[in-house]
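# Report on the structure
Chain by chain, the residues:
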Amino acid sequence: MPVQSLQNTDVIVPQHTPHPLLPFLQSQSQTTLTRLYQRPSSCLSIFRLLGPIERQLIMNLLWLESALSVATISAWVLPEGKDAYDSALAVMTGLHIAQNSAVKLALNSTFKSSLRQAITGGGSTGSFGVPTDKDGKRQSANIENLDAYALERWETILHYMVSSGQGQNPTKPSQGVLYLLQRSGLMNNAHGPALQITSSGFQFLLHSPHDQLWNLLLQYLHMAEERQMDLVEVLSFLFMLSTMDLGREYSTEPLSETQKAMLEDLRDYGLVWQRKTSSKRFSPTRLATTLTSSSPPLPSSHSTGGSHTADGTGAVALSSGAAQQGFIVLETNYRIYAYTDNPLQTAVLNLFITMKYRFPNLVVGMLTRESVRKALGNGISADQIISYLTTHAHPQMRKNNPLLPVTVQDQIRLWELERNRLKSAEGYLYKDFASQADYEYVLAYAKQLDVVLWENAGKRCFFGTLEGHANVRGFIERRTGSV
């Protein structure tokens, strides 16, 4: 059978960033994954999440009835591609897609059978959902309405994150969403009864909508066992949604009890739409159908200039690839001009600037010591503020080198240093050594363990971390006892 080389001497294969779900799947037992692989939609979805080399290996092995020798497969790989091949093989064995053998390589029989079925369209398991006939009495939601619904639910979550605890009254998401935001560490109530965004939450806003969604779904998966939900059923339903057709209605009848319970949560996140909670039909939104694809999950929103766009950066314009969607102009006098009418973008800016004026498509504000220190107090770092301004810089500013005025960057970091003049740490002070040799010997051992926080050679003392005390103390006692 003709096969392609996994590397080409004339082509440099770009580094593939692993999908965040893969490490979670690799942490599951073989029994759990084998149950998951019984569903063709799950196998197809996982295949989409893998890197290009893993996908090529699977396709070369998929239609073979017997295992291939490792020597044969190694002949496909050029010397410079050996590391990439080994890495891909490690991912496949970690997911139990390939059998870990030093002699032969073959696909997991369950995975192979289900992926074949997904590709050829055979079988009638309902793994990809059961579409319903059109209801002549009620008009089903069209794609435009589904997009508007998903956008409204998702922006409600993000707007609450940036506005809660800031003296505003944003629309509150459901209790399930609020609990998930707290469990994810994106919000907390450390500064009062109201939830406020954390440093992790602000970093969350810098990610693309696709990464944001998977960040929350991963936490949802971690919570599944606590809620006595079958993890395989949860994963298979998410994968099922990712393979459904946008704009079609599907029946809830074939769903398990766990999956029916998930519908309420997924409605809150904007992944599915139902006419009412008791409805026997549901429609996946674009947020759901793009879970395992590279298509944008939110195709349209308020633009940065007052009109609607349909670009690939997502609706809230908070993705890292916003070079064409930049809307912020920063001057050397710390004044910021934001060309936007998006209330969410305005709310994010309000976290670290002092608002001066607001027009229909322009917001003017200032970076001040007070506004930046307020942001720092909420857990947002100076580097995160600079990163946000860089990510969303106006195309006109991208002609500058450096992009942001150096004086402004330095001042933001200096304001942060004002808060970080002292750092506290729990630990133990080691002193009163009998001789300089004893001091240096114990200090050298503590440095090997990387537990030394401070030292003073003149006074023969040093300060070590709390975690390293047991080892250092044991070393001193052993040395003292041997003298």
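Scroll up to find the structure this text is about.
Residues numbered from 1 in each chain as written. Predicted model: local features only at pLDDT ≥ 70, side-chain atom pairs only at ≥ 80, totals over all residues. Heavy atoms only, no water.

### Notes on the sheet that holds strand 6 (residues 272-273)
Counted only if it meets this: Note on pairing: two strands pair once DSSP finds at least 2 bridges between them. In this text, helices come from DSSP runs of H or I with a minimum length of four residues, and strands from runs of E with a minimum of two, each type numbered from the N-terminal end.
Sheet architecture is open: three strands sit in the order 5-7-6, paired in antiparallel fashion. What marks the edges here is a single partner per strand, and that holds for strand 5 (250-251) and strand 6. Pairing between strand 5 and strand 7 (residues 281-284): two bridges, direction antiparallel. Paired with tyrosine 250 across the bridge in strand 7 is phenylalanine 282.

### Describing helix 19 (residues 436-448)
Note the threshold: One less than the number of residues in a helix, times 1.5 Å, gives the span that helix is expected to have. A simple rule labels every residue: compare its accessible area, found with a 1.4 Å probe on the protein chains alone, to the largest value its type can have, and call it buried under 20%, exposed over 50%, or partly exposed in between. To be clear, the arc concerns the directions from the helix axis to the C-beta atoms.
Taking 1.5 Å as the rise per residue, helix 19 with 13 residues should run 18 Å; its terminal C-alpha atoms sit 18 Å apart, in good agreement. Within the sequence span of helix 19, burial applies to Tyr439, Val442, Leu443, Tyr445 and Ala446. Down the axis of helix 19, the smallest arc covering the buried residues is 160 degrees, so these residues share one side. Phi for aspartate 450, located one or two positions after helix 19, is positive at around 60 degrees.

### Looking at the environment of glycine 377
Just so we agree on the cut-off: We call two residues in contact when some of their heavy atoms are within 4.5 Å.
Relative to the helices and strands, glycine 377 is located in helix 16 (residues 369-377). Under the relative-accessibility criterion, glycine 377 is labelled partly exposed at 25%. It is 9.3 Å that separates the C-alpha atoms of glycine 377 and histidine 191, two residues lying 186 residues apart in sequence. In this structure, glycine 377 is in contact with His191 and Arg419, ignoring residues within four places of it in sequence.

### Topic: the nonpolar core
Operational definition: Working definition of a nonpolar core: buried Ala, Val, Leu, Ile, Met, Phe, Trp, Tyr and Cys residues. They are joined through side-chain atoms within 4.5 Å.
Judged by nonpolar contacts, the single largest core of 119 residues is most densely connected at Leu21, Leu25, Ile97, Phe352 and Leu367. Setting aside residues up to four positions removed in sequence, leucine 367 forms contacts with Leu330, Tyr334, Ile336, Phe352, Ile353, Val372, Leu389, Val408, Ile412 and Trp415. Core analysis: the second largest hydrophobic core is formed by eleven residues, Tyr445, Ala446, Phe462 and Phe475 among them.

### Details of the packing of helix 11 (residues 209-224) against helix 12 (residues 231-242)
This is how it is decided: Note on definitions: angles span 0 to 180 degrees between N-to-C directions of axes, and those axes are lines fitted to C-alpha atoms, for helices only across the stretch in contact. Throughout this description, any angle smaller than 35 degrees is read as roughly parallel, any larger than 145 degrees as roughly antiparallel, any in the 65 to 115 degree range as roughly perpendicular, and the remainder as oblique. A crossing counts as left-handed when the near helix is turned anticlockwise from the far one by less than a right angle, and as right-handed when that turn is clockwise. In this classification, the charged set is Asp, Glu, Lys and Arg, the nonpolar set is Ala, Val, Leu, Ile, Met, Phe, Trp, Tyr, Cys and Pro, and all remaining amino acids, among them Gly, are polar.
Between helix 11 and helix 12, whose axes approach to 9 Å, the crossing angle comes to 155 degrees. Relative to helix 12, the element helix 11 lies roughly antiparallel. Judged by the twist between their axes, the crossing of helix 11 over helix 12 is right-handed. Facing helix 11, whose interface residues are Leu217, Tyr220, Leu221 and Ala224, helix 12 presents Leu231, Val234, Leu235 and Leu238. Residue composition of the contact of helix 11 with helix 12, by class: eight nonpolar, no polar and no charged.

These values are about where atoms sit, not about what they do.
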